[in-house]
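Here is how the chains run, residue by residue.
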Amino acid sequence: MKPASTEWTYGDDGKARILVVDDDPRLLSGLASLLRSKGYEVTEAEGGRMACRILESESFDLAMLDLRMPDVDGFGVMERLSSEQPECGVIVVSGESSFSSVSRALRRGALDYIRKPFDPEELLATVDGVLGKRSLLRAHEHIRMRLEKSEELHRYIVNSSPDIVFMLDGDGHFCFVNSKIESLLGYQPTELCGRHFRHILDDRDIARGTYALKGPNISADNPRTLEVRLKTRGSRKATRHFEITAFPIDPETWPHTNHDDGKYDGREARYYGTARDVTERKEAEAFINFQAYHDLLTRLPNRALFKDRLDLAITHARRSEQKLAVMFLDLDRFKVINDTLGHAMGDRLLQAVTQRLERCLRKGDTLSRFGGDEFTLLLPSIHGYEDARQISKKLIKALRAPFQLGEHEVFVGVSIGIATYPEAGESMDQLIQNADIAMYHVKARGKDGYRFYSESMSIDTANRLSLERDLRMALERDELRVFYQPQVCSSSNRVVGLEALVRWQHPERGLLYPRDFLPLAEETKLIAKLSECVLDQACHDVGQWIREGHSDLRLAVNLSPVQVEHPRFVETLMAQLHAHGFPPQNLEIEITENVIMNDLEQISQKLRELASLGVRIAIDDFGTGYSSLNYIHRLPIHTLKVDQSFVKAIRRGEDGACIVNAIVAMAHGLKLQIVAEGVETDEQLTYLKSLGCHQVQGFFYGPARPADVIGKTLGHTPARAVAF
């Protein structure tokens, strides 16, 4: 090893010799090039291990070190320099900016500290300054200068630190605290010095904070670090979070300070530390944690938190032999409102729904937004079905009143499926899945209600999944068929219209009727696509017959609520008619009363627009829904279709016959057409004719037939006096 010299060791050419140490080759090369450009003789060491090897054979005037290196870090290189070349000055060039690292480097003898990324001019000025000062002081002065520089830098860092810097005596009283405490917590340094540090600790952290300084193994190289809450001046509630780093002071190493603001009433410092404000970080962590387990729109627990609480509730119920219930809630008509009024209104509606639902809950229940317009509800510790039934009724009633969204008054319902533990499942996934299945059975039976899960539903669900798969394939494979049932004028026996009815030619199950698959199509959102296919085919068939000479032939089609409620319903329907060249005045759309009353304002506007374009409007299954004279009077309705259940009552002499009388009389008064469905006998036909019913349809004239059969009979008079 080359012996250490006490003389300044400029090279033969008079240039200062500098050792540059960094484990990043790019930064190492750049720094070396910068120094060489100013005339310094530079040796590069890629990492601390290489630097130590170079120091065994070469001497330097200055070493510029990175602190964080994988093999031997900067502190290790500084230790080697201190023992082998104490005359070599050290400047730290590092991205490490923590106070503990800076303080430790200065205590080890660093003359200056440059943070990456550095300003080249500032770095060169620092190097020039360090070398200049060392060249003036020479041999015996360099140690004193190094200590002085270190102390000056330490004082500067303390006074300008973004952290609170403090010293405590052996009992925990403040001896020194920098002015940063005033801007962060509102205290004057003078009012704290002499007081115990627990004075500013939050009451919840006093025990933990005071114990921290008494713990074992605390030293300068192993400081105590903890997070505590500190009180702001004059308020016990306003607290901020701080990360405290503290270690004991050796009195011989740290003599009494002479700072104007650093020593008070003769106390000797025994602990040195910093307090970094981490309030924003803690708030960010709290927000991230909330976001991970809550829905930000409604502030409700999300799917993950709901499952966690359900899992705990099941464990508790199993141990205590109690029951619990899981409810799956799906809003009715939310998608229509969201599409019509926009997502902003949809979000407001979800928030309003959440508020109403929460008012119905017991303490300990968990309401969660499962996604979209789906909610789940956990009811722990119930006595039986009746508890869940009562809450379901409360939820349904709570959502029945209209919601006011700006200028719009909207209505939503809720379909609720209920699964109880342990009858409907003993695991978290089983209960959620079975509650979901029960909810879909509510949807299939008309929505806005509740049902408890039963085992038979699983069988139905398995069949439904298979049928759903087949139905999707049917739309792709063109397996749907359109049949037509004549609507006959009761006085002339002439066919005046054809109602389009869908059938499904299933490859394995044969011909399926609407009751076998339309509820599934509604449930799986396939109804719109299915209805579109039916209307396309019907417009093609009936349009051709109209062009062949049956100019007054009317096409009647049933439209699903999904179609009518869609914001672009009118535009889409007219585009279909235009594509087939189908005259609008030959089309009569049939909708139910419930569709109208679900959103009277929006539906009324669409129906008026269609009527202005020539399309006729018929109310299907009249008498089974709201039957409001108010909406009938206000809307452009042309036809009322009497439900077949009332027509059947004619034959049996039941009260339904009186309802038919009333409907026909009302239609005459409002100057509306009447079509009676389900006519099967001469007795029914004669009775309807006597009332003045305009048109009839039903098995009396035969079942619905495919297009090729209907096409052949047009222009002929088939059995039972039907004339075309």
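Just so we're clear, the structure is a prediction, and the values are computed from it rather than from any experiment. (Residues numbered from 1 in each chain as written. Predicted model: local features only at pLDDT ≥ 70, side-chain atom pairs only at ≥ 80, totals over all residues. Heavy atoms only, no water.)

A few words on the state of the cysteines. On inspection of all chains with the given rule, the structure shows zero disulfides. Its sulfur unpaired, cysteine 489 is 9.9 Å from the next cysteine sulfur, which belongs to cysteine 693. Among the residues examined, cysteine 693 registers a relative accessible area of 2% and is labelled buried. (Disulfide = S-S within 2.5 Å. Buried < 20%, exposed > 50% of the residue type's maximum accessible area, 1.4 Å probe, protein only.)

Each aromatic ring pair is summarised here by two numbers: the centre-to-centre distance and the angle between the ring planes. Counted by the stated rule, this structure contains nine aromatic pairs. Note on phenylalanine 306 and phenylalanine 370: the rings are 6.2 Å apart at their centroids and 85° apart in plane angle, and the pair reads as edge-to-face. A residue pair is termed long-range when its members are at least 10 positions apart, and phenylalanine 306 in helix α10 (residues 303-320) and phenylalanine 370 in strand β12 (residues 366-371) qualify at 64 residues. Both residues of the pair, phenylalanine 306 and phenylalanine 370, belong to the buried class. These aromatic residues form a ring-pair network of at least three members: Phe306, Phe328 and Phe370. Geometry around phenylalanine 370 places arginine 303 over its ring, the cationic atom sitting 4.1 Å from the centre. (Phe/Tyr/Trp six-rings, centres within 6.5 Å; stacked < 30°, edge-to-face > 60°. Helix = DSSP H or I, 4+ residues; strand = E, 2+ residues; numbered from the N terminus. Lys NZ or Arg CZ within 6 Å of the ring centre and 35° of its normal.)

Applying the stated criterion to the full structure yields six cavities of 30 Å³ or more. Space inside the largest cavity adds up to approximately 230 Å³. Lining the largest cavity are 19 residues, with Phe166, Leu168, Phe197, Leu201 and Ile244 positioned closest to its centre. In terms of residue count, strand β8 (residues 224-231) provides more of the lining of the largest cavity than any other element does, four residues in total. Grouping the amino acids of the lining of the largest cavity by side-chain chemistry returns 17 nonpolar, one polar and one charged. (1 Å grid on protein atoms, 1.4 Å probe; cavity = no way out; pocket = protein on both sides within 12 Å on 5 of 7 lines; lining within 4 Å. Points joined across faces, edges and corners; volume = space filled by probe spheres on them. Nonpolar A, V, L, I, M, F, W, Y, C, P; charged D, E, K, R; others polar.)

Once that is clear, we can look at the nonpolar core. Membership of the largest hydrophobic core comes to 78 residues, with the highest contact counts inside it found for Tyr484, Leu530, Leu555, Ile589 and Leu640. For this core, the leading source of residues is helix α17 (residues 527-547), giving nine residues. Counting 35 residues, the second largest nonpolar core, distinct from the first, contains Leu65, Phe75, Val90 and Tyr113. (Core = buried A, V, L, I, M, F, W, Y, C linked by side-chain atoms within 4.5 Å.)

Okay, the sheet that holds strand β11 (residues 323-332) next. In space, the five strands of this open sheet follow the order β12-β13-β11-β16-β17, with mixed pairing throughout. Looking at strand neighbours, the two that pair on one side only are β12 and β17 (449-452), the edges of this open sheet. Looking at each pair of strands side by side, their axes are set apart by 20° on average, direction ignored. Bridge analysis of β11 against strand β16 (residues 413-421) gives nine bridges, and the strand direction is antiparallel. Residue pairing in the sheet places leucine 331 in a bridge with valine 414 of β16. (Pairing = 2+ DSSP bridges. Axes fitted to C-alpha atoms, helices over the stretch in contact; angles between N-to-C directions.)

Okay, the pairing of β11 next. Across the 10 residues of β11, nine count as buried, placing the element largely inside the fold. Looking at chain direction, β11 and strand β13 (residues 374-382) are connected through seven bridges and run antiparallel. In the sheet register, aspartate 330 faces β13, and the bridge partner there is glutamate 374.

All right, on to the environment of arginine 309 then. Residue placement: arginine 309 occurs in helix α10. In sequence terms arginine 309 and leucine 378 are 69 residues apart; their C-alpha atoms lie 8.4 Å from each other. Beyond its immediate sequence surroundings of up to four residues, arginine 309 is in contact with Pro301, Thr366 and Leu378. (Contact = heavy atoms within 4.5 Å.)

Turning our eyes to something else, we now look at the pattern of salt bridges. For the coordinates displayed, the defined rule picks out 30 salt bridges. In this structure, aspartate 205 engages arginine 208 in a salt bridge whose closest nitrogen and oxygen atoms are separated by 3.5 Å. Its relative accessible area of 2% is what places aspartate 205 among the buried residues. Each of Glu499, Glu590, Lys641 and Glu677 takes part in salt bridges that share partners, so that together they form one network. (Salt bridge = Lys/Arg side-chain N within 4 Å of Asp/Glu carboxyl O.)

The next point concerns the packing of helix α19 (residues 569-580) against helix α21 (residues 600-612). In the contact formed by α19 and α21, the axes pass within 10 Å of each other and the chain directions differ by 30°. Comparing their axes, α21 and α19 come out roughly parallel. Classified by chirality, the crossing of α21 by α19 is right-handed. Across the interface between the two elements, Phe569, Val570, Leu573 and Met574 of α19 pack against Lys606, Glu609 and Leu610 of α21. (Parallel < 35°, antiparallel > 145°, perpendicular 65-115°, else oblique. Left-handed = near helix turned anticlockwise from the far one by under 90°.)

The next thing to look at is the packing of helix α2 (residues 48-55) against helix α3 (residues 74-84). Two elements in contact, α2 and α3, have axes whose closest approach is 10 Å; the angle formed by their N-to-C orientations is 10°. One way to sum up the angle between α2 and α3 is to call them roughly parallel. Residue-level inspection shows Gly48, Ala51, Cys52 and Leu55 of α2 in contact with α3, the latter providing Val77, Arg80, Leu81 and Glu84. When its residues are assigned to classes, the contact of α2 with α3 shows five nonpolar, one polar and two charged.

With that settled, the discussion passes to helix α1 (residues 25-36). Taking 1.5 Å per residue, 12 residues should reach 16 Å; α1 reaches 16 Å between its end C-alpha atoms and fits that length. All of the buried residues in α1 are Leu28, Leu31, Ala32, Leu34 and Leu35. Along the axis of α1, the buried positions cluster into a sector of 160°, meaning they face one direction only. If you check the start of α1, you find a side-chain oxygen 3.0 Å away from the backbone N of arginine 26, and it comes from aspartate 24. (Expected span 1.5 Å × (residues − 1). Arc of directions from axis to C-beta. Polar contact = N/O pair within 3.5 Å; in protein donor to acceptor, adjacent residues only side chain to side chain.)

Further remarks concern a nonpolar patch on the surface. A surface patch of nonpolar side chains, about 270 Å² in accessible area, is lined by Phe287, Ile288 and Leu296. Taking relative accessible area as the criterion, leucine 296 reaches 35% and is therefore assigned partly exposed. (Patch = residues over 30% accessible without salt bridge, like charges linked within 9 Å, V, L, I, M, F, W, Y side chains within 5 Å. Areas by Shrake-Rupley, 256 points an atom, 1.4 Å probe, with all protein chains shown as cover.)

Relative to the helices and strands, valine 595 resides in helix α20 (residues 593-598). Given a relative accessible area of 3%, valine 595 falls into the buried group. Separated by 31 residues in the primary sequence, valine 595 and valine 564 place their C-alpha atoms 7.9 Å from one another. Beyond its immediate chain neighbours, meaning those up to four positions away, valine 595 contacts Pro561, Val564 and Ile603.

Bringing the pairing of strand β23 (residues 616-622) into the picture now. Burial analysis of β23 places five of its seven residues in the buried class, which makes it a mostly covered element. Both β23 and strand β24 (residues 639-642) contribute to a ladder of three bridges, which runs parallel. Across the sheet, the residue bridging to isoleucine 619 is leucine 640, located in β24.

Next up on the list: the confidence of the model for the chain. Averaged over all residues, the pLDDT of the chain is 84; the fraction at 70 or higher stands at 87%. The low-confidence segment residues 1-8, where pLDDT is below 50, has 14 contacts with residues more than four positions distant or belonging to other chains. Overall, residues 257-265 carries pLDDT values under 50, and its contacts beyond four positions in sequence, including any with other chains, amount to 15 contacts. (pLDDT = per-residue confidence, 0-100.)

This part is about a negative patch on the surface. A surface patch of negative charge is lined by Asp23, Glu46, Asp71 and Asp73. Relative to the helices and strands, aspartate 23 is located in the loop between β1 (17-22) and α1. Looking at aspartate 23, the relative accessible area reads 31%, which means it is partly exposed. (Lys, Arg positive; Asp, Glu negative; His and termini not counted. Charge placed at Lys NZ, Arg CZ, Asp CG, Glu CD.)

Let us now look at the sheet that holds strand β2 (residues 41-46). Read across the open sheet, the five strands follow the order β2-β1-β3-β4-β5; overall the sheet is parallel. Two strands close off the open sheet at either side, each with one partner strand: β2 and β5 (112-115). Within the sheet, the average angular offset between the axes of one strand and its neighbour, ignoring direction, is 20°. Sheet analysis places β1 next to β2, joined by six bridges and oriented parallel. Across the sheet, residue leucine 19 finds its bridge partner in β2, namely threonine 43. The strands that α3 touches are β3 (62-65) and β4 (89-94); relative to β3, the one it contacts most, it runs at about 165°.

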